[in-house]
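The chain contents come next:
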Amino acid sequence: MAAFVTNTSDASDTNSAANAALAPGLYIVATPIGNLNDITLRAVDVLTRCDGVACEDTRVTGKLMRHLGLSKPLWRYNDHAEERDRARLVESMATRAVALVSDAGTPLISDPGYRLVNAAREAGVEVQTIPGPCAAIAAITLAGLPSDRFLFAGFLPVKEKARADMLVELSGIDATLVFYESAGRLVKALSAIDVALPGRRVGVARELTKLHEECRVDTPSALMAHYEAKPPKGEIVLLVEPPHETKASAEDVDTLLREALRTEKPSQAAAKVAKATGTDRKALYARAMELRG
Ligand code: SAM
């Protein structure tokens with residue numbers, strides 16, 4: 001059987017192999033999060049030539065397949081599947097090309113797939129990923145909050161205490177925080193963010209790639225006022241900007257200076273503490289001389 005390598009970087013190879021069989025294995029296929037035109041050429045190619053599709057909900061995936069003019073066996077799969085059902089699916093990958101999709105977006109990202117990929121790898125099955133839409137990444141590109149470091153934390157817990165605990169746990173992380181949230185819980189989540197992460201701007205990215213896409217970036221209280229007056233609908237990604245640099249207190253600065261002066265000259269100690277705390281170096285030098293005196 002001719003093997004088609006879907007991760008070829010050469011488009012002409014892809015075209016010439018357009019009708020060749022897909023090599024057996026597991027193909028992780030991202031699908032649109034709203035706008036059906038966001039499906040990638042490679043995703044269509046794999047869905048066209050795979051032997052079947054493992055999916056969360058056969059009705060949802062059936063709709064996408066019909067939109068693409070495709071008809072394939074659809075197998076229901078989620079990570080809570082019985083171990084033996086997963087093992088059977090993995091075994092079949094020795095001879096079948098199985099595509100894994102979720103209802104929308106990238107499988108494994110707050111969606112099933114992790115256990116299947118793990119089991120497939122352990123069984124020596126070839127696994128390929130076909131990247132594409134992902135709500136968290138789309139939101140990061142839209143909100144204009146720092147994107148050099150971000151932490152995707154999945155869904156915020158529904159229970160108030162667990163939600164507050166998680167926010168406190170994440171409060172010191174120097175990165176934009178990204179959460180999935182439902183429209184019905186948005187205001188409660190904003191209120192919890194206001195308490196646990198005070199003073200930070202928040203982004204609400206809603207209905208991404210859909211007709212009513214919107215992205216608002218503001219203080220939690222302004223966003224709460226807006227969404228209390230106009231209850232949101234649809235799907236939401238919440239983003240929270242990283243913590244602001246906190247200025248060290250005069251007491252902390254003195255402690256650091258005293259410590260540095262034990263081994264260093266005032267000028268060196270001042271430079272060191274200035275670097276660590278962002279405090280003015282000249283002022284620190286003057287204070288170091290005072291402490292020395
Ligand atoms: N695997 C998907 C992905 O790659 O984004 C996420 C699946 S998760 C079960 C569904 C959540 O993703 C929704 O509750 C919402 O928070 C977010 N989401 C999905 N589509 C979205 C969209 N079009 N706009 C905003 N958020 C979306």
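What counts, and where the lines are drawn
- Residues numbered from 1 in each chain as written.
- Predicted model: local features only at pLDDT ≥ 70, side-chain atom pairs only at ≥ 80, totals over all residues.
- Heavy atoms only, no water.
- Helix = DSSP H or I, 4+ residues; strand = E, 2+ residues; numbered from the N terminus.
- Buried < 20%, exposed > 50% of the residue type's maximum accessible area, 1.4 Å probe, protein only.
- Pairing = 2+ DSSP bridges.
- Axes fitted to C-alpha atoms, helices over the stretch in contact; angles between N-to-C directions.
- Contact = heavy atoms within 4.5 Å.

Undergrad: What should I look at first to understand unusual backbone geometry in this one?
TA: For residues that are not glycine, phi is negative in most cases, and the peptide bond is trans in most cases. In this structure, S110 takes a positive phi of about 50° despite not being glycine. Mapped onto the secondary structure, S110 falls in the loop between strand 4 (97–100) and helix 5 (114–122). In this structure S110 comes out as partly exposed when scored by relative accessible area, which is 33%. For T209, which is not glycine, the phi torsion reads 70° and is therefore positive. On the secondary structure map, T209 appears in the loop between strand 8 (202–206) and strand 9 (214–218). On the accessibility criterion, T209 (25% relative accessible area) is partly exposed.

Undergrad: Just checking my understanding: could you explain the sheet that holds strand 7 (residues 176–182) for this structure?
TA: To summarise the sheet geometry, strands pair through backbone hydrogen bonds and adopt either a parallel or an antiparallel arrangement. Strand order in this open sheet of five strands is 6-7-10-8-9, and the pairing throughout is mixed. Of all strands in the sheet, those with a lone pairing partner are strand 6 (150–155) and strand 9, marking the two edges. Going from strand to strand, the sheet's axes swing by 20° on average, the running direction of each strand aside. When strand 7 meets strand 10 (residues 235–240), the two strands line up antiparallel, connected through six bridges. Within strand 10, the residue paired with L177 across the bridge is V240. Against the sheet, helix 8 (residues 186–196) makes contact with strand 7, strand 8 and strand 10, and its axis sits at roughly 5° relative to strand 10, the strand it touches most.

Undergrad: What should I look at first to understand the side chain of E241 in this one?
TA: The topology assignment puts E241 in the loop between strand 10 and helix 10 (250–261). Sequence-distant contacts of E241, that is, excluding residues within four places in its chain, are made with L145, A175, T176, G199, R200 and R201.

Undergrad: What exactly am I supposed to notice about the sheet that holds strand 1 (residues 25–29) here?
TA: Strand order in the open sheet made by the five strands is 3-2-4-1-5, with parallel pairing throughout. Pairing within the sheet leaves two strands with one partner each, and these edge strands are strand 3 (74–76) and strand 5 (127–130). On average, each strand axis in the sheet is inclined to that of its neighbour by 25°, with strand direction left out of account. Bridging between strand 2 (residues 52–55) and strand 3 involves three bridges; their strand directions are parallel. Opposite V53, over in strand 3, you have L74 as the bridge partner. Packed on one face of the sheet, helix 2 (residues 41–49) meets strand 1, strand 2, strand 4 and strand 5 and runs near 135° to strand 5.

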